[in-house]
Amino acid sequence: VSMDLNSASTVVLQVLTQATSQDTAVLKPAEEQLKQWETQPGFYSVLLNIFTNHTLDINVRWLAVLYFKHGIDRYWRRVAPHALSEEEKTTLRAGLITNFNEPINQIATQIAVLIAKVARLDCPRQWPELIPTLIESVKVQDDLRQHRALLTFYHVTKTLASKRLAADRKLFYDLASGIYNFACSLWNHHTDTFLQQVSSGNEAAILSSLERTLLSLKVLRKLTVNGFVEPHKNMEVMGFLHGIFVRLKQFLECSRNIGTDNVCRDRLEKTIILFTKVLLDFLDQHPFSFTPLIQRSLEFSVSYVFTEVGEGVTFERFIVQCMNLIKMIVKNYAYKPSKNFEDSSPETLEAHKIKMAFFTYPTLTEICRRLVSHYFLLTEEELTMWEEDPEGFTVEETGGDSWKYSLRPCTEVLFIDIFHEYNQTLTPVLLEMMQTLQGPTNVEDMNALLIKDAVYNAVGLAAYELFDSVDFDQWFKNQLLPELQVIHNRYKPLRRRVIWLIGQWISVKFKSDLRPMLYEAICNLLQDQDLVVRIETATTLKLTVDDFEFRTDQFLPYLETMFTLLFQLLQQVTECDTKMHVLHVLSCVIERVNVQIRPYVGCLVQYLPLLWKQSEEHNMLRCAILTTLIHLVQGLGADSKNLYPFLLPVIQLSTDVSQPPHVYLLEDGLELWLVTLENSPCVTPELLRIFQNMSPLLELSSENLRTCFKIINGYIFLSSTEFLQTYAVGLCQSFCELLKEITTEGQVQVLKVVENALKVNPILGPQMFQPILPYVFKGIIEGERYPVVMSTYLGVMGRVLLQNTSYFSSLLNEMAHKFNQEMDQLLGNMIEMWVDRMDNITQPERRKLSALALLSLLPSDNSVIQDKFCGIINISVEGLHDVMTEDPETGTYKDCMLMSHLEEPKVTEDEEPPTEQDKRKKMLALKDPVHTVSLQQFIYEKLKAQQELLGEQGFQSLMETVDTEIVTQLQEFLQGF
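Quantities reported herein were computed from a predicted structural model and do not represent experimental measurements.

**Regarding the packing of helix α44 (residues 869-883) against helix α48 (residues 964-973)**
The N-to-C vectors of α44 and α48 enclose an angle of 50°; their axes lie 10 Å apart at closest approach. As judged from the angle between their axes, α44 and α48 are oblique. As for the relative orientation of α44 and α48, their crossing is left-handed in sense. Residues Ile-873, Asn-874, Val-877, Leu-880 and His-881 of α44 form the contact with α48, whose participating residues are Ile-966, Gln-969, Leu-970 and Phe-973. Class assignment for the residues of the contact of α44 with α48 results in six nonpolar, three polar and no charged.

Below, the structure is given as structure tokens:
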């Protein structure tokens, strides 16, 4: 039923009013009703009527706009289910652009966005009149209408500019070339109006024309950056871009006449930043079209940022943008010639020439000096923050949220980029600055201390470039170490900077035998009276420990002191970010020294439960605790069992999919669960109980699936009987589901679990995974096409056949019924497929297992097995080639897979000691036929038994079915039996 406009309006208005209610009892049914109307013809015409009626309540109109917008997203396209009719759409389009007179700013913006959404789908084909109407409407004298039309013009341009298909781009190019001239004159008109009004002091008028300047500039930005294939060939575009520098100058001068904190100031700064965004976007999208602007951009930016020109008119965000412009020109890939100049395009060489002409020696030196001696200096504000909120200061310094747009990182990145590009010119400049700063600095001279801090900052940032020019080891011993020993409070910026600087050079150039001197210094600085110095020291310690030249033996003498001091620091800091940082350093130390940490972790082990409790609201801190626990468990090995009262509930919570925190904690939680199992000396009821979390995790089948399988294997190795009796039924269900929909790699993971269960527990395993074995059997018979999957199938079946013959017989019987075949015939097919696909198996263990399993069918008088005798012998001889190695001392052959209790592998210092799970696997191998039965002996015994069963004559004719070459090889292997 279509809604009749007049009668329906009243009803819809009433329901919308209820939907703005704070009372859920009123709100919920109203929302339900609106949801039902969404697909009703005429509903959107009613909504348009409501939100364009300015006499109605603002909240109701706002809601009507939102429902309308939602409807465009869902029902405007022709192909959408419940799509709007073409007639209704035509009326709606006309209604949307009849009056640009919405009095409320927020609603006006929403309407503009909504018109843009329709334009994205319908412009220009179904809505040719939109752009001409907008162009007419932005010319009207009425202030409100002009502004609203301009706002809509901007949103429409922005939306159309973002379309990516070739045909849409072509339409936008046509639109841009058609209206560019108009857009330019519109912008110039509003800009001139604004500049005339600035001196008048009439704030409302200034704001109104500034608002229009900003909107028309936003339109031009989209047209300029996205509207032309080769913008440098268009006079108007290049004219506009060159004009930006003049306009920027005018606007920056205006800022002298406008107060520092009012709406006008805010809008003015926004407009100035928008000018720079136009240049940056254009450079990014059209580097070669930007070439004619390179010189002017550099002159402009450098003069405002590095000379007196900018004094009194620049502001931080503008300086950041100018620095970004310099940086993007310096770094631009398009402007860098190839090693062979001849291989570069003329456009690249042209841009390179302009850059080289600009960045002369005097210019570069001045930029470098100003960056270091002006922009790198710690400000009053920063020093105050250091005193009042030291942790906030360190977080800011290492990249808080506002970091991206703030000045310090921007100047540092610019310095690194310019230094990298022009290092031959700039290295001597920086070395000279270093030269003037030899020896300690007077603690009374704050300015000298700050200059030194800035130069040291530069030397740290340029470490890679200065590699060959600075003898860092000498400088460390003669200059830096003594600086660290000045304990005066005013010297703390330098103590912090020097220890930071050493951290920057550690991986670049730092002699190994100087490490102990550094460790000594770190131990002292971790007791510094200043918190910022202590935190920075912890960071450098982490860099030292992470470095590939780290040697545990050099570090051990300092381990106890450092660990204790780091732990104290962890307790002292209060901010979540700082705690995470210090925990991270502790983790790295534990990870590097591994088992050597055991004597010192008592304090940390007691403190972590408290920290975990306190960090309930801070998931990222909890992640850091999980990482620390992972390294702790690895360091403690079997002793980690003492942590279970705290550890197991943590794993339980982190891996429980029904608990919200799992979103953050799951990955680390699974890793912790795994290392806990690997290091567990024995199973406990609580450890077994956590496995209840696994079934939902397998349903998620996410990127964590691999870790889940490792955990399941860990339980099988730890306590197969209890584990399988408790969980195998559920696990089997999960596996059957997974096998239907999973990748080949996933199938292999599932089957490896089954294979491990059969290996660990040959009697219970097949019963527990009973539903999966027919699937495996069928896969073998049908000749699974993926080699890795087939190899795993044969591994599973080999275990059953060799280690649980009676189960194999019942399985064969079951499958014969299924396939409606004789048991013998099916067995014959299986052996044939096995022999045929033996090459799919690459793992030596599985190859030997296959030989043992097939040989276990002998002796036999079954005609089918005798029929396949030749294949069984072929595989056995292949197996002998795999496992038999010559003993150099006796010259005899022996089976290299046999293991004895006596061999204890030597652990060298760099190797991790074996985990509890490694020991379990070793014990398991000592019971595994693959490692306890000699293949040579087994073949000999089976052939002898077959001979006894058939008699000499019968056995001879059986042997004649085997290739003579294979028989010769077999006889060589069996010499001495």
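**Quick look at the side chain of Lys-163**
The topology assignment puts Lys-163 in the loop between α8 (143-161) and α9 (166-198). Accessibility expressed as a relative area gives 14% for Lys-163, which makes it buried. Excluding residues within four positions of it along the chain, Lys-163 makes contact with Arg-120, Asp-168 and Arg-169.

**Some details on the domain arrangement of the protein chain**
According to the domain assignment, the protein chain contains domain 1 (1-162), domain 2 (166-358), domain 3 (693-842) and domain 4 (876-974). Each of domain 3 and domain 4 has a C-alpha centre, and these two points are 25 Å apart. Taken together, the 10 residues of domain 3 in the interface contact eight residues of domain 4. For the pairing of domain 3 and domain 4, the buried interface totals around 790 Å² over both sides, and the portion due to carbon and sulfur atoms is 67%. Summed over the three residues of domain 3 that lose the most area to domain 4, namely Phe-717, Arg-799 and Leu-802, the buried surface amounts to 48% of that side. In this structure, the connection of domain 3 to domain 4 is made through one residue pair in polar contact (both at pLDDT 80 or more).

**Re a nonpolar patch on the surface**
The grouping of Met-620, Val-663 and Tyr-664 at the surface amounts to a nonpolar patch, some 330 Å² of accessible area in total. Topologically, Met-620 is positioned in helix α30 (residues 619-636). The class for Met-620 is partly exposed, based on a relative accessible area of 48%.

**Considering the pattern of salt bridges**
A complete count under the given rule lists 45 salt bridges for this structure. Between Lys-89 and Glu-86 there is a salt bridge, and its shortest N-O distance comes to 3.4 Å. Of this pair, Lys-89 and Glu-86 both sit in helix α5 (residues 86-96), separated by three residues, roughly a single helical turn. Judged by its relative accessible area of 31%, Glu-86 falls in the partly exposed class. Of the charged contacts, one joins Glu-253 and Arg-256 as a salt bridge, the two residues approaching to 2.9 Å between their closest N and O atoms. Among the residues examined, Glu-253 registers a relative accessible area of 38% and is labelled partly exposed. Overlapping salt bridges bring together Arg-78, Glu-86 and Lys-89 as one network.

**Structural notes on the nonpolar core**
By size, the foremost hydrophobic cluster in this structure holds 342 residues, and its most contacted members are Phe-415, Ile-502, Trp-673, Ile-712 and Phe-735. For this core, the element with the highest residue contribution is helix α35 (residues 705-741), accounting for 17 residues. For Ile-712, the residues in contact, after removing those within four places along its chain, are Phe-691, Met-694, Leu-698, Phe-723, Leu-731, Phe-735 and Val-753.

**As for the state of the cysteines**
Applying the stated criterion across every chain yields a total of zero disulfides. Distance from the sulfur of Cys-708, which forms no disulfide, to the nearest cysteine sulfur (Cys-623) is 17 Å.

**Details of the UniProt feature "domain: Importin N-terminal" (unreviewed entry) in the protein chain**
Those places that UniProt annotates as "domain: Importin N-terminal" (unreviewed entry) correspond, in this numbering, to residues 30-102. The span residues 30-102 is 63% helical and 0% strand by assignment, and the distance between its end C-alpha atoms comes to 26 Å.

**Comments concerning the packing of aromatic side chains**
Inspection of every chain in the model, using the stated rule, returns 40 aromatic pairs. Put simply, the rings of Tyr-456, Phe-472, Trp-475, Phe-476, Trp-505 and Phe-510 touch in pairs and so form one group of aromatic residues. The lysine or arginine in question, Arg-247, covers the ring of Trp-187, its NZ or CZ lying 5.5 Å from the ring centre.

**Brief notes about the environment of Met-562**
Tracing the sequence through the fold places Met-562 in helix α27 (residues 552-572). Using a relative accessible area of 1% as the deciding quantity, one classes Met-562 as buried. Note: C-alpha distance between Met-562 and Gln-527 (35 residues apart in sequence) is 9.9 Å.

**Regarding a negative patch on the surface**
A surface patch of like charges, here negative, comprises Glu-388, Asp-389, Glu-575 and Asp-577. Along the chain, Asp-389 falls in the loop between α17 (380-388) and α18 (390-397).

**A look at helix α25 (residues 515-525)**
Arg-515, Leu-518, Tyr-519, Ala-521, Ile-522, Cys-523 and Leu-525 are the residues of α25 that are buried. Against α23 (472-484), α24 (492-506), α26 (531-546) and α27 lie the buried residues of α25.

**Here's the deal with α26**
For α26, which comprises 16 residues, the first-to-last C-alpha distance of 23 Å matches the rise-based estimate of 22 Å (1.5 Å per residue) to within 8%. At the N-terminal end of α26, a side-chain oxygen is found 3.0 Å from the backbone nitrogen of Val-532, two or three residues along, and the residue is Asp-530.

**With respect to the environment of Leu-812**
Examined against the element boundaries, Leu-812 turns out to sit in helix α40 (residues 805-819). With a relative accessible area of 6%, Leu-812 lands in the buried category. Taking the C-alpha atoms as reference points, Leu-812 and Gly-871, separated by 59 residues in sequence, lie 20 Å from one another. Once residues within four sequence positions are removed from consideration, Leu-812 is found in contact with Phe-777, Met-823, Leu-826 and Leu-827.

**Side note on the side chain of His-190**
Relative to the elements of secondary structure, His-190 occurs in helix α9. Those residues in contact with His-190 that lie beyond four places of it in its chain are Gln-146, Leu-150, Ser-209, Arg-212, Thr-213 and Ser-216.

**Remarks on the confidence of the model for the protein chain**
Confidence along the protein chain averages 92 in pLDDT terms, with 97% of residues attaining 70 or more. Mean pLDDT across the elements of the protein chain bottoms out in strand β2 (residues 893-895) (84) and peaks in helix α13 (residues 291-306) (97).

**Notes on unusual backbone geometry**
The residue after Cys-123, namely Pro-124, is reached through a cis peptide bond having omega 0°. In this structure, Pro-124 sits in the loop between α6 (105-122) and α7 (130-137). With an omega of -10°, the peptide bond running from Leu-858 to Pro-859 counts as cis. With respect to the element layout, Pro-859 can be found in the loop between α42 (844-855) and α43 (863-867). Unlike most non-glycine residues, His-82 shows phi in positive territory, near 60°. Its place among the elements puts His-82 in the loop between α4 (58-75) and α5.

The rules behind the values
- Residues numbered from 1 in each chain as written.
- Predicted model: local features only at pLDDT ≥ 70, side-chain atom pairs only at ≥ 80, totals over all residues.
- Heavy atoms only, no water.
- Axes fitted to C-alpha atoms, helices over the stretch in contact; angles between N-to-C directions.
- Helix = DSSP H or I, 4+ residues; strand = E, 2+ residues; numbered from the N terminus.
- Parallel < 35°, antiparallel > 145°, perpendicular 65-115°, else oblique.
- Left-handed = near helix turned anticlockwise from the far one by under 90°.
- Contact = heavy atoms within 4.5 Å.
- Nonpolar A, V, L, I, M, F, W, Y, C, P; charged D, E, K, R; others polar.
- Buried < 20%, exposed > 50% of the residue type's maximum accessible area, 1.4 Å probe, protein only.
- Domains from an automatic or database assignment.
- Buried area = accessible area lost by both parts, 1.4 Å probe.
- Polar contact = N/O pair within 3.5 Å; in protein donor to acceptor, adjacent residues only side chain to side chain.
- Patch = residues over 30% accessible without salt bridge, like charges linked within 9 Å, V, L, I, M, F, W, Y side chains within 5 Å.
- Areas by Shrake-Rupley, 256 points an atom, 1.4 Å probe, with all protein chains shown as cover.
- Salt bridge = Lys/Arg side-chain N within 4 Å of Asp/Glu carboxyl O.
- Core = buried A, V, L, I, M, F, W, Y, C linked by side-chain atoms within 4.5 Å.
- Disulfide = S-S within 2.5 Å.
- UniProt positions renumbered as here; feature names shortened; annotations may be inferred.
- Phe/Tyr/Trp six-rings, centres within 6.5 Å; stacked < 30°, edge-to-face > 60°.
- Lys NZ or Arg CZ within 6 Å of the ring centre and 35° of its normal.
- Lys, Arg positive; Asp, Glu negative; His and termini not counted.
- Charge placed at Lys NZ, Arg CZ, Asp CG, Glu CD.
- Expected span 1.5 Å × (residues − 1).
- pLDDT = per-residue confidence, 0-100.

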